[in-house]
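Okay, here's what each chain looks like letter by letter:
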Amino acid sequence: YEDTSMADIARRMGVVQGLCYRYFDSKRVLFREAMEQYVRECCAAGLPIIHDRSRTIRQRLDDMAALTLETEQNARYHAFYHRPENQSIHEELNWRICAYLTPHVAEELEDACQRGELRLEHPALAAQRLLLEQQVNGENEGNEEVHKARDDAGGRGDRVAHQRKSAVLQPVHH
């Protein structure tokens, strides 16, 4: 990112540099727009899952977590975002994904509370926490210490993830 200029971008796209500046004030603005489009692309498959009210909220959250793990390695720009020199850009992407998904997850947690499936004082805060933990867990995918902890917990961390989710999502027992 740092070594690329608007002139480089224009040349790669086969357009004059002025055209890039006509639509984007700076390389940073262009990159943020591209990142926002990528965020929407990354989240598109998860939205029907989280909004599927024919399933319990726990099932939907589990399915979203599984989808994230399955698709993350095959994401279109995975190699770019996971280069060591792009760590700050990757962190920004993670924050943007959380910000994009939070209102969707909060809406469904609120609905689950209204239907008596959950008891949460602050569904929006719970949604934010769940998503941030998912991002942090995803960040640790390549960390050997985390892999060892997952193995010690009995697999790919499913038990740990379930316990963390359970601490936030307290089902209503009838």
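The sections below set out a description of the structure shown in this document.

1. Description of the environment of H104
- Relative to the assigned elements, H104 resides in helix α7 (residues 87-114).
- When residues no more than four places from it in sequence are discounted, the contact partners of H104 are L47, I50 and H51.

2. Some details on the environment of H78
- For H78, the location among the structural elements is in helix α6 (residues 78-81).
- A sequence separation of 12 residues divides H78 from H90, and the C-alpha atoms of the two residues are 9.4 Å apart.
- Excluding anything up to four places from it in sequence, H78 contacts Y38, E72 and Q73.

3. A few points about a nonpolar patch on the surface
- Nonpolar side chains collect at one region of the surface, where V16, L19 and Y23 lie side by side and expose about 320 Å² of accessible area between them.
- Here Y23 is to be found in helix α2 (residues 17-23).
- Since its relative accessible area comes to 55%, Y23 is described here as exposed.

4. As for the pattern of salt bridges
- Taken as a whole and judged by the stated rule, the model has 14 salt bridges.
- D111 is paired through a salt bridge with R115; the nearest N and O atoms lie 2.6 Å apart.
- Where salt bridges share partners, they join R53, R60, E107, E108, D111, R115 and E117 into one cluster.

Each value, and the rule that gives it
Residues numbered from 1 in each chain as written. Predicted model: local features only at pLDDT ≥ 70, side-chain atom pairs only at ≥ 80, totals over all residues. Heavy atoms only, no water. Helix = DSSP H or I, 4+ residues; strand = E, 2+ residues; numbered from the N terminus. Contact = heavy atoms within 4.5 Å. Patch = residues over 30% accessible without salt bridge, like charges linked within 9 Å, V, L, I, M, F, W, Y side chains within 5 Å. Areas by Shrake-Rupley, 256 points an atom, 1.4 Å probe, with all protein chains shown as cover. Salt bridge = Lys/Arg side-chain N within 4 Å of Asp/Glu carboxyl O. Buried < 20%, exposed > 50% of the residue type's maximum accessible area, 1.4 Å probe, protein only.

So, to be careful, I would describe these as geometric facts and stop short of saying anything about function.
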